Amino acid sequence: MNAKTRRNFLADAAAASALLLGGCNHSAGTRTERDTAGGPADVTLRIGPIRVDIAKDHTISTIGYNGTVPGPLIRLREGVPVTVELFNDTDAPELVHWHGQIIPASVDGAAEEKSLQVPAHGQIRYQLTPQPAGARFVHTHVMSMADLNRGTYTGQFAFVYIEPKSSPGRYDQEIFLATHEFEPFLGAEEMEEDDEQDKETKEKKKQVKQKQEKPNGWEIGYRRFTVNGKCLGHGEPIRVKEGQRVLFHFLNASATENIQLALPGHQFQVVALDGNPVPQPQSVELLELGTAERISAVVEMKNPGVWILGTPKDDDRKNGMGVVVEYANRKGSPRWVKPQKKPWDYTLFGQNRTARNPDETIPLVFGKINGGKGGFNRWTINGNSFDEKAEPRTLQKSKRYRLVLDNQTDDAHPIHLHRNSFELTKVHGKPTAGILKDVVLVKGFKQIEVDVTPSMDGLTLFHCHQQLHMDYGFKLLFNVV
Ligand SMILES: [Cu+2]
């Protein structure tokens, strides 16, 4: 702040934020003194209450970034440091998490990692160096517990695209789509997985149910479903031309829901998962994204018409989960055709080989205890719910660890590791290699193994990205030394 008074600094910051409202200003030039003297930041996010017209005659009140849902697309360049300024216009402290980036714990935006928080009606400013390249995102990391007006239930999310140093390939249009549900409520209905479960899984489910002393606790339901903050049919259609190659970046910005997406009459050529290029791009009809997962996929537009890109779940699509894709000079009601059911298989996009042996293997068994405090299920890793007083588990920098994610519950868990990418090495018993991710969806009673070689020291949070699961115990803290 140099010799400036705090009052001057705040005035400057407010002016800067007004200038940048609705977007982020990426100063491509060299670092200048103004960064340390309180001038405009490269990225400014203002957290505040907003009203969003998600449909005709339907406005919701939520909290968002810079007045929109999703917040503005933030384009950064790999390895080029930026100044970030965060303003909080709400009555509660906030945490802004840079999901999927390998950055210091102080700026990662997680309370467990002792990151900087944005005070209520306050502001903070810091620098970070974006990495790795690809589709990342930014979202709130506060606990919601039973308050469904907080945390990832709100509109606090925005795409972050870190431009790669080399070209990502040829395409004619690039489109960012984030799915999110609104108007959450607590209900009793258990989430059923869509995939037909095999006999063994069904049997395990029965056994685990019998062992539970209490009935299943609260689940979350939603009344409204959106893509880029609009219910199906209420936003601008995606306008395409025959013969175009459209690069879609999908983000599941849900608080709790895993989702499938299809565009009838078209194939998705999956080129990146969680922003990282896959070893084997493959075409599929149906995408699946656990909470916080990203998929980048190229679609060749060669089936002229007006189509719905949306979820195969009819009720959810009717309540908004979809967006219209309209070819030039084509009119009429958008068409939906139910896609064939084919289970999502990460290994399709990986190398068909066994990854090299880890230095150490860490078993992580996920468990659920029905109906705890307030009627909420409690979640455990190796028998324990998160305890902030417990010593974090130490990991050595540059050592290769194999995390064995063993889901002994009937729910699917989108498992996230902060400040690292991990390599999928085994999916449901099948070896694979070369797929780098930061979230992996572990289905009920399934096992996935991932290898991680931490490159940056500090506290690193591991958790289920389903807000309700995270809030009620599904977390573990590592300390990389
Ligand atoms: Cu979970």
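Definitions and cut-offs
- For every chain, the first residue of the written sequence is number 1, and numbering continues from 1 along that sequence.
- Reporting in this predicted model follows two pLDDT cut-offs: at least 70 for local features of residues, and 80 or more for side-chain atom pairs to be given and counted; totals over whole chains, interfaces and linings ignore these cut-offs and use all residues.
- Hydrogen atoms and water are omitted, and side-chain values are computed over all heavy atoms in the structure.
- Per residue, pLDDT captures the predictor's confidence, and it can take any value from 0 to 100.
- By definition in these notes, contact holds between two residues if any of their heavy atoms fall within 4.5 Å.
- The criterion for an aromatic pair is that two Phe, Tyr or Trp rings (for Trp, the six-membered ring) have centres within 6.5 Å, with stacked assigned to planes under 30 degrees apart, edge-to-face to planes over 60 apart and tilted to the rest.
- Helix and strand definitions follow DSSP, with helices as H or I runs of at least four residues and strands as E runs of at least two, each counted in order from the N terminus.
- Each residue's exposure class comes from its accessible area (1.4 Å probe, protein chains only) as a fraction of the maximum for that residue type: buried when under 20%, exposed when over 50%, partly exposed otherwise.
- Nitrogen, oxygen and sulfur within 2.8 Å of a metal are treated as its donors, or within 3.2 Å for sodium, potassium and calcium (Na, K, Ca); water is not counted, so a site can appear incomplete.

## Some details on the confidence of the model for the protein
In the predicted model, the protein carries a mean pLDDT of 91, and the fraction of residues at 70 or more is 90%. Counting interchain partners and residues more than four positions distant, the pLDDT-below-50 stretch residues 1–37 has 58 contacts.

## Quick word on the packing of aromatic side chains
This model, assessed by the stated rule, comprises 12 aromatic pairs. The interplanar angle of 70 degrees and the centroid separation of 5.0 Å between the aromatic rings of phenylalanine 159 and phenylalanine 176 together place this pair among those described as edge-to-face. Here phenylalanine 159, found in strand S8 (residues 157–163), pairs with phenylalanine 176, found in strand S9 (residues 173–187); they are 17 residues apart in sequence, far enough to count as distant. Accessibility assignment for this pair places phenylalanine 159 and phenylalanine 176 in one class, buried. Ring geometry for tyrosine 161 and phenylalanine 176: centres 5.7 Å apart, planes at 75 degrees, overall edge-to-face. Residue tyrosine 161 is found in strand S8, and its partner phenylalanine 176 is found in strand S9; the two are separated by 15 residues along the sequence. Residue tyrosine 161 is classed as buried on the basis of its relative accessible area of 6%.

## Thoughts on the coordination of the copper ion
Angles at a metal have ideal values that depend on geometry: 109.5 degrees with four tetrahedral donors, 90 or 180 degrees with six octahedral donors. Within the protein, the atoms that donate to the copper ion are His413 (ND1), Cys464 (SG) and His469 (ND1), at distances of 2.0 to 2.1 Å. Written as a sequence motif, the donor residues of the copper ion are H-x50-C-x4-H. In this pair, histidine 413 sits in strand S24 (residues 413–417) while histidine 469 sits in helix H5 (residues 467–471), placing the two residues 56 residues apart along the sequence. The buried category is assigned to histidine 469, whose relative accessible area is 2%.

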